[in-house]
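Residue-level structure breakdown
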Amino acid sequence: MDTTAPVLTIDGPSGSGKGTISRIVAQRLGWHYLDSGALYRAVGIAAGWADIDLSDASALVRCTFDTEIGFRDDAAGEPRVIVNGLDATDELRTETAGAAASAIAAIPEVRAALKDRQRVFRQLPGLVADGRDMGTVIFPDAAHKVFLTASADERAERRYKQLKDKGVSVTLDGLLREILARDARDASRAVAPLRPADDAVRIDTTGLGIDGVVALVLDVVSRPSAS
Ligand SMILES: Nc1ncnc2c1ncn2[C@@H]1O[C@H](COP(=O)(O)OP(=O)(O)OP(=O)(O)O)[C@@H](O)[C@H]1O
Ligand SMILES: Nc1ccn([C@H]2C[C@H](O)[C@@H](COP(=O)(O)O)O2)c(=O)n1
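Residues numbered from 1 in each chain as written. Chains lettered and ligands numbered in written order. Predicted model: local features only at pLDDT ≥ 70, side-chain atom pairs only at ≥ 80, totals over all residues. Heavy atoms only, no water.

Note the following rule: UniProt positions are given in the numbering used here, feature names are shortened, and annotations may be inferred rather than shown by experiment.
An unreviewed UniProt entry annotates the protein as Cytidylate kinase of Thermomonas aquatica. What UniProt states about the protein under its Subcellular location (unreviewed entry) heading is, verbatim, "Cytoplasm". The UniProt entry for the protein carries the following comment under Sequence similarities (unreviewed entry): "Belongs to the cytidylate kinase family. Type 1 subfamily."

1. Quick word on the sheet that holds strand β3 (residues 69-73)
Heads up, the condition is: We treat two strands as partners when DSSP finds at least two bridges between them. To qualify as a helix, a DSSP run of H or I must reach at least 4 residues; to qualify as a strand, a run of E must reach at least 2; elements of each kind are numbered from the N terminus.
If you walk across this open sheet you meet the 3 strands as β3-β4-β5, and the pairing is antiparallel. Each of the sheet's edge strands pairs with one partner strand only, and the pair in question is β3 and β5 (86-87). Bridging between β3 and strand β4 (residues 79-83) involves 5 bridges; their strand directions are antiparallel. From the neighbouring strand, D73 faces β4, where its bridge partner is P79.

2. Describing helix α5 (residues 95-104)
Note the cut-off: Using a 1.4 Å probe on the protein chains alone, a residue whose accessible area is under 20% of its type maximum counts as buried, one over 50% counts as exposed, and one in between counts as partly exposed. For this analysis, residues touch if any pair of their heavy atoms sits within 4.5 Å.
Here α5 lies mainly inside the structure; 7 of its 10 residues are buried. Within α5, burial applies to E95, A97, G98, A100, A101, S102 and I104. Among the structural elements, α2 (36-49), α3 (57-66), α4 (89-92), α6 (108-119), α8 (152-165) and α9 (172-188) are those in contact with the buried residues of α5.

Given below as structure tokens:
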């Protein structure tokens, strides 16, 4: 970790566009990118591979320490996530992996075990960090903080389109239910719940295209930092 490196945190609920916007903004700024949700998803997947029950908190904490997680871009520049030596990217992006990640993310010791693994991404020239608690817990001193939202209906529609484009069979109603359930679990947990940092700029992306959101976020970065 390099505490002199500027950080832009982008938090928000599932489907608000954090990953998409963060990647583009990081590329534009030439900064590093942290997909913190991928860490929780990776632990959830590793736990599944090891047949660990999602109610077995102590086994999940051990699994968090034991799981090796790596990030790399493939030849086409697409981000891949390597879990215990295996490319788990496709499995990682499923709604099942998202729900498992959300469940284990409520365990305080799992969150504590992942703290330093997130903070090491803070390197010069800067970091764009996407998640639920980037601005509140992991990088509270970030120079720039954004909280993205969008209506649940629009988020479900975005996810529906994304999965349909990939040939995954889903229903809009089912996705909406999953999104609402994940929102509720992420926002109601006792430790590091999903919420905007007091000093975050909130951007409602409902009805806004990706380019429009990117422009608004870059505008936040161009303002003098509060910290
Ligand atoms: N402003 C936008 N307008 C239209 N589509 C968008 C917008 N932002 C993101 N999308 C699309 O919505 C889908 C979900 O976006 P993305 O995966 O970035 O959300 P996320 O907040 O990172 O979700 P999760 O927390 O579940 O990983 C993607 O297909 C993405 O291209
Ligand atoms: N900083 C974070 C990132 C993620 N989580 C948990 C809660 C999410 O529902 C789940 C998957 O995240 P996603 O990949 O959809 O961003 O992981 C968290 O608690 N804190």
